[in-house]
Amino acid sequence: MIRTASTLLENLKTLAYLLPQLGRALVTRPETVRFPFAPPVIPKGYRGRVEIHPEKCHGCGLCVRDCPAFALELQREELNTFKLIYYPERCAYCGQCEVSCTFGAIYQTNEFVHGTDDLAQLVVTLVDRKPA
Ligand code: SF4
Ligand code: SF4
């Protein structure tokens, strides 16, 4: 009997704590973002996926060499025939590739990479250079 009374008292205390919180939550703005029901608000300076100006790329491979996460791959067939491939699932979003590229070709955007259960879908061929 004593235990039931103390449990009831504990439950009442919990309710007394929760009800005002619930009331407050119903009348204040949500703390969480509304994505995917509204566009995400991305903070300035957010380090997102890598992009490229393909026409500026010379296939020198400096970005590949300096990428600490092995997120870039250069597949070269001949001098002017190469592909630069980006693996976002490996990317550390560090920006080193942008720093290393002396041609100003590769750069970081403030766009994030969408989630998927098929990582192969994320792979991007940034440059597919063929002889003119
Ligand atoms: S941002 Fe960093 S990890 Fe990502 S591709 Fe560039 S160098 Fe590699
Ligand atoms: S993006 Fe820049 S560093 Fe990377 S291969 Fe092209 S030119 Fe070289």
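Please refer to the structure placed before this passage.
Summary of the structure given here. (Residues numbered from 1 in each chain as written. Chains lettered and ligands numbered in written order. Predicted model: local features only at pLDDT ≥ 70, side-chain atom pairs only at ≥ 80, totals over all residues.)

A few words on the overall build of the protein chain. Each helix and strand in the protein chain was counted, giving three helices and five strands. What you see in the protein chain, going N to C, is helices and strands ordered as α-β-α-β-β-α-β-β. C-alpha atoms of the protein chain, sized along the principal axes, occupy 85 × 30 × 25 Å. Within the protein chain, buried positions represent 11% of all 132 residues. (Helix = DSSP H or I, 4+ residues; strand = E, 2+ residues; numbered from the N terminus. Buried ≥ 20, exposed ≤ 12 C-beta atoms within 10 Å, placed from the backbone.)

Our focus in this paragraph is the site of ligand 1. Looking at ligand 1, there are 14 residues lining it, with C67, C91, C94, Q96 and C97 nearest. Looking at the shell around ligand 1 residue by residue, the classes come out as eleven nonpolar, three polar and no charged. (Near = placed C-beta within 6 Å. Nonpolar A, V, L, I, M, F, W, Y, C, P; charged D, E, K, R; others polar.)

This part takes up the nonpolar core. With 15 residues, the main nonpolar core has C63, L72, C97 and I106 as its most contacted residues. The biggest single contributor to this core is strand β3 (residues 81–86), with three residues. Once residues within four sequence positions are removed from consideration, I106 is found in contact with V50, I52, C63, C97, E98 and C101. (Core = buried A, V, L, I, M, F, W, Y, C linked by C-beta atoms within 7 Å. Contact = placed C-beta atoms within 7 Å.)

Glancing now at the site of ligand 2. Close contacts around ligand 2 come from 14 residues, with C57, C60, C63, C101 and I106 the closest. Considering only residue class, the shell around ligand 2 consists of ten nonpolar, four polar and no charged.

So, about the sheet that holds strand β5 (residues 124–129). Strand-to-strand pairing in sheets goes through backbone hydrogen bonds, with the strands running parallel or antiparallel. Spatially, the three strands line up as an open sheet ordered β2-β3-β5, and their pairing is antiparallel. A single partner strand is all that each edge strand has here, and the edge strands are β2 (72–78) and β5. With strand direction ignored, the average angle separating the axes of adjacent strands in the sheet is 10 degrees. The sheet contact formed by β2 and β3 spans six bridges and is antiparallel. Within β3, the position partnered with E73 by the bridge is I85. (Pairing = 2+ DSSP bridges. Axes fitted to C-alpha atoms, helices over the stretch in contact; angles between N-to-C directions.)

All right, on to the environment of R76 then. Topologically, R76 is positioned in strand β2. For the pair R76 and R129, spaced 53 residues apart in the sequence, the C-alpha separation amounts to 9.4 Å. Dropping the residues within four chain positions of it, R76 is found in contact with G59 and F82.

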